[in-house]
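Breakdown of the fold
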Amino acid sequence: MADLTKLIYNSNYGSFHQRQFFTGSVTIPSTAITTAGTIEIELGTITLNEVPDILDTQFNGTPPDDSSRPSDGWFRPRMGAIRQLGNSGAIEQEWGILAKVIGNVVSIRAVTEKTYYATFTPDATATVFFRLIDYAAIS
Amino acid sequence: MADLSKLSFFSGVNYLKRDDSLTGDGSTTFTGVPGEVAGITIDHNLGYIPFVSVGAELSEPGILWSNNTTPLLRVSTDDTVRFLYWTTPTQLIIRHINSIDNPVTGIRWVNWVIYLDYGT
């Protein structure tokens, strides 16, 4: 006998469906950092068709050396960091990744705190992979 | 003309669907060591990165903090217990990290819900 609770159209309650799904990458630049304190830079923006009801944002990239996050582990904003080597490999800078949503625009941002070195000169850019899913409520 | 994307039974998009077998809780135990890491790993084996919701007790037992409440950067900056979590195509990995400055002892609970991306 069919289990009717498994049907999508068992709609006694509201649900969420995917409205848009984005995957891609943005880049942490190799620009030297000389300013002390917290630094936050915008890596890119994505414009959604509509203001999301639920926006799932997850990121992936090279973890810091002391992280136990696996290479295929994806993290939510503030739940992980991306590594960028600098000063000819002498420094490992950790960038936290954030997503700010204002209306229907998603801003992917990197934030770090430079406190120990006068200048951080990245050896290369660092790639941040993202996946965004805009879920819309239906009732 | 009907806008089919508004129908509940529009099957061209995926849905979030709760599965009770992917909902649970567990505990970690801190021994009072500054920065100690405890962990829970849940095998979901869905084959994709799912939408998840995670909550955890931090320094104070009985108060459940949800997802994005913990300090941003390194453990060494923390004055409270915090938690992190990552998702892979097969697992949800939760890390509970004791405070550096004010380490705690005892059990802390973690709750999670993994939603099916129905239609994949």
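Here the structure is shown first, and the text comes after it.
Residues numbered from 1 in each chain as written. Chains lettered and ligands numbered in written order. Predicted model: local features only at pLDDT ≥ 70, side-chain atom pairs only at ≥ 80, totals over all residues. Heavy atoms only, no water.

All names here are of chain B. Structurally, Thr-90 can be placed in the loop between strand E5 (82-87) and strand E6 (91-97). Of the residues examined, Thr-90 reaches a relative accessible area of 35% and is grouped as partly exposed. Considered as a pair, Thr-90 and Ile-40 are 50 residues apart in the sequence and their alpha carbons are 14 Å apart. Excluding anything up to four places from it in sequence, Thr-90 contacts Ile-42, Asp-43, His-44 and Asn-45. (Helix = DSSP H or I, 4+ residues; strand = E, 2+ residues; numbered from the N terminus. Buried < 20%, exposed > 50% of the residue type's maximum accessible area, 1.4 Å probe, protein only. Contact = heavy atoms within 4.5 Å.)

This next bit is on the pattern of salt bridges. Residues and elements named next belong to chain A. Summed over the entire model, instances satisfying the criterion amount to 8 salt bridges over all chains. Close ionic contact of Glu-40 with Arg-109 constitutes a salt bridge, the shortest N to O distance being 2.6 Å. In this pair, Glu-40 sits in strand E2 (residues 37-47) while Arg-109 sits in strand E7 (residues 105-114), placing the two residues 69 residues apart along the sequence. Look at Glu-40 and you get partly exposed, because its relative accessible area is 34%. Judged by relative accessible area, which is 18%, Arg-109 ranks as buried. The salt bridge partner of Asp-65 is Arg-83, with a shortest N-O separation of 2.9 Å. Here Asp-65 is found in the loop between strand E3 (54-60) and strand E4 (74-75), whereas its partner Arg-83 is found in strand E5 (residues 81-86), with 18 residues between them in sequence. Relative accessible area serves as the criterion here: at 59%, Asp-65 is assigned to the exposed category. Judged by relative accessible area, which is 23%, Arg-83 ranks as partly exposed. (Salt bridge = Lys/Arg side-chain N within 4 Å of Asp/Glu carboxyl O.)

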